[in-house]
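Results of the structural survey
If you want the building blocks of each chain, they are given just below.
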Amino acid sequence: GEKPIEGIVRECEEEICLDPEYTRSNIRSCGINSFQLTVTDRLEPGCQHQVQYLYEIELRQDVVPQIGDGEVGQLNLLSLEELQKAMRNGEVKLTCNMTYIAFLIRHGYINAENELDLVEICSRLHRR
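No experiment lies behind these values; they were computed from the predicted model shown. (Residues numbered from 1 in each chain as written. Predicted model: local features only at pLDDT ≥ 70, side-chain atom pairs only at ≥ 80, totals over all residues. Heavy atoms only, no water.)

Examining the environment of Cys12
- Mapping Cys12 onto the fold places it in helix H1 (residues 4–16).
- On the accessibility criterion, Cys12 (9% relative accessible area) is buried.
- Remark: the alpha-carbon pair of Cys12 and Asn33, spanning 21 residues in sequence, is separated by 19 Å. (Helix = DSSP H or I, 4+ residues; strand = E, 2+ residues; numbered from the N terminus. Buried < 20%, exposed > 50% of the residue type's maximum accessible area, 1.4 Å probe, protein only.)

Notes on the pattern of salt bridges
- Using the criterion set out here, one finds nine salt bridges in the structure.
- A salt bridge links Glu14 to Arg10, with the shortest nitrogen-to-oxygen separation between them at 3.7 Å. With Glu14 and Arg10 both in helix H1 and four residues apart, the pair spans about one turn of that helix.
- Salt-bridge contacts for Arg60 lead to Asp62; the nearest nitrogen and oxygen are separated by 2.9 Å. (Salt bridge = Lys/Arg side-chain N within 4 Å of Asp/Glu carboxyl O.)

Remarks on the side chain of Ser34
- Following the sequence through the fold, Ser34 ends up in strand E1 (residues 27–39).
- Discounting chain neighbours no more than four positions away, the residues touching Ser34 are Gln50, Val51, Arg124, Leu125, His126 and Arg127. (Contact = heavy atoms within 4.5 Å.)

Topic: the UniProt feature "domain: Nudix hydrolase" (unreviewed entry) in the protein chain
- When the UniProt feature table is mapped onto this chain numbering, "domain: Nudix hydrolase" (unreviewed entry) sits at residues 1–100.
- Measuring from the first to the last C-alpha atom of residues 1–100 gives 26 Å, for a span that is 36% helix and 26% strand. (UniProt positions renumbered as here; feature names shortened; annotations may be inferred.)

Some details on the pairing of E1
- Relative to strand E2 (residues 45–57), E1 is paired through 10 bridges, and the arrangement is antiparallel. Paired with Ser34 across the bridge in E2 is Val51.
- Hairpin remark: E1 followed by E2, antiparallel, with five residues in the connecting loop; positive phi at Leu43, about 60°. (Pairing = 2+ DSSP bridges.)

Below is the structure:
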């Protein structure tokens, strides 16, 4: 029953120990992904519709995320190349992969000049 912004502020505090006021002051909404998975949360065959509300926050150098409630196993700062390699190697879970793809498109790292399937990729990030 909470608004998406309230959920992300709460999760940033719980998961990576960000101060809620810092998060509210620096976060920005940047769209949604809406997609359908062919497996359930228990990885059984099925149909699961998902919506991800997407937000971005740029952290000041003096703001260092820390693991909070234990849901996050580790935090890593990756270069763009390291992230793309991890995505290609299947080291990133599917729903996170989709979030990163949306980010890469939004910031022009994936575009019509370097990805022939851009329209197909975008359509799969935004299902009815």
